[in-house]
Amino acid sequence: MSITATATPGKTLIAPSDHTLILIDFQSQMAFATKSIDTTLLRNNAALISHAAKIFDVSTILTTVAEASFSGPMFSEITEVFPGQKLFDRTSMNTWEDAPVIEEVNRIAKQRIVLAGLWTGVCIVGPAASAIDQGFEVYFISDACGDVSDEAHERACQRMIQLGAIPLTSVQYLLELQRDWGRTDTYDAVTGAAKKLAGAYGLGITYAKTMFGASEGGH
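Each value, and the rule that gives it
- Residue numbering note: each chain is counted from 1, following its sequence as written.
- Local features in this predicted model are restricted to residues of pLDDT 70 or higher, and side-chain atom pairs are both shown and tallied only at a pLDDT of 80 or more, whereas totals for entire chains, interfaces and linings draw on every residue.
- Excluded from the side-chain calculations are hydrogens and water; all other atoms, namely the structure's heavy atoms, are used.
- The criterion is simple. A nonpolar core is a set of buried Ala, Val, Leu, Ile, Met, Phe, Trp, Tyr and Cys residues joined through side-chain atoms within 4.5 Å.
- Residue exposure (1.4 Å probe, protein chains only): buried if accessible area is under 20% of the type maximum, exposed if over 50%, otherwise partly exposed.
- Secondary structure elements are taken from DSSP: a helix is a run of H or I of four residues or more, a strand is a run of E of two residues or more, and numbering for both begins at the N terminus.
- Pairs of residues are marked as contacts when any of their non-hydrogen atoms sit within 4.5 Å.
- Two cysteine sulfur atoms form a disulfide, by the criterion used here, when they sit within 2.5 Å.
- Between any two strands, pairing holds if DSSP finds at least two bridges.

Participant: In this structure, what is going on with the nonpolar core? I would like to understand it.
Facilitator: One broad rule of soluble globular proteins: the nonpolar side chains tend to lie buried together. Within the largest apolar cluster, 63 residues are counted, with the highest numbers of intra-cluster contacts made by F26, I78, V105, L115, I141 and Y173. Tallying contributions element by element places helix α2 (residues 39-55) first for this core, with seven residues. What I78 contacts, discounting residues up to four positions off in sequence, is L23, F26, A46, S50 and L62.

Participant: Quick question: what am I supposed to make of the state of the cysteines here?
Facilitator: Two cysteines whose sulfur atoms are joined by a covalent bond form what is called a disulfide. The full count for this structure, using the stated rule, is zero disulfides. A disulfide-free cysteine, C123 has its sulfur positioned 10.0 Å from the sulfur of C145, the nearest such atom. For C157, which is in no disulfide, the shortest distance to another cysteine sulfur is to C145 and amounts to 6.7 Å. We classify C157 as buried; its relative accessible area is 7%.

Participant: Mind showing me how you'd approach the pairing of strand β1 (residues 19-24) here?
Facilitator: Working note: regular strand, side chains alternate between the two faces of the sheet. Here β1 lies mainly inside the structure; six of its six residues are buried. Residues H19, L21 and L23 line one face of β1 and the alternating positions T20, I22 and I24 line the opposite face, and both faces are buried. As defined by bridge partners, β1 adjoins strand β4 (residues 112-118) across six bridges and the pair is classed as parallel. Following the sheet pairing, T20 is matched in β4 by I113. As paired elements, β1 and strand β2 (residues 59-65) share five bridges and run parallel to each other. When the bridges of β2 are listed, I24 appears paired with T63.

Right, here's the structure in full:
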């Protein structure tokens with residue numbers, strides 16, 4: 001039986017219009033005890049995925065837990081990208097058990113959910129397991145999540161993968177949304193975000209453009 005290739009993307013690749021990004025509990029109190037990732041890198045990656053979502057107009061939900069009484073404000077790296085956007089503050093550790101958040105999920109009405117936040121083993125596993133159980137496709141951005149230890153983070157990631165969730169990284173999320181350097185309307189914003197927030201990859205873009213005037217796809 002022969003197989004014919006076509007120049008089309010795989011069905012599991014995400015696109016800007018097919019998912020809701022939910023950013024969960026990126027707050028000071030949660031970050032203080034996060035040991036599986038450096039806090040500076042965590043904040044950077046949270047900023048990168050926020051910029052990616054903004055560039056591509058991804059439906060995004062911002063949610064906190066006990067903001068005023070316990071956990072503190074959401075990272076400014078996120079809220080500055082979404083000025084004036086409503087923050088859904090919860091009492092439940094599992095975002096998926098919060099009625100106002102679920103009302104927003106249903107209002108947006110996307111089958112795919114992409115998750116990132118703190119801590120991986122509680123605040124990300126909870127909604128991932130719950131959404132999968134209700135028939136949603138779930139992705140999580142593993143390097144924009146963190147937990148109280150490497151062990152806690154890794155076991156949480158394994159658990160979600162076993163349930164059917166798909167792991168991504170922050171740079172992967174940005175580039176999967178772009179996916180073609182011929183998409184010139186988002187090219188400058190994507191490379192700009194990468195230069196600022198994508199570590200060595202961003203330095204490489206800066207170097208190539210400065211030294212050689214290089215560009216992907218001949219842009």
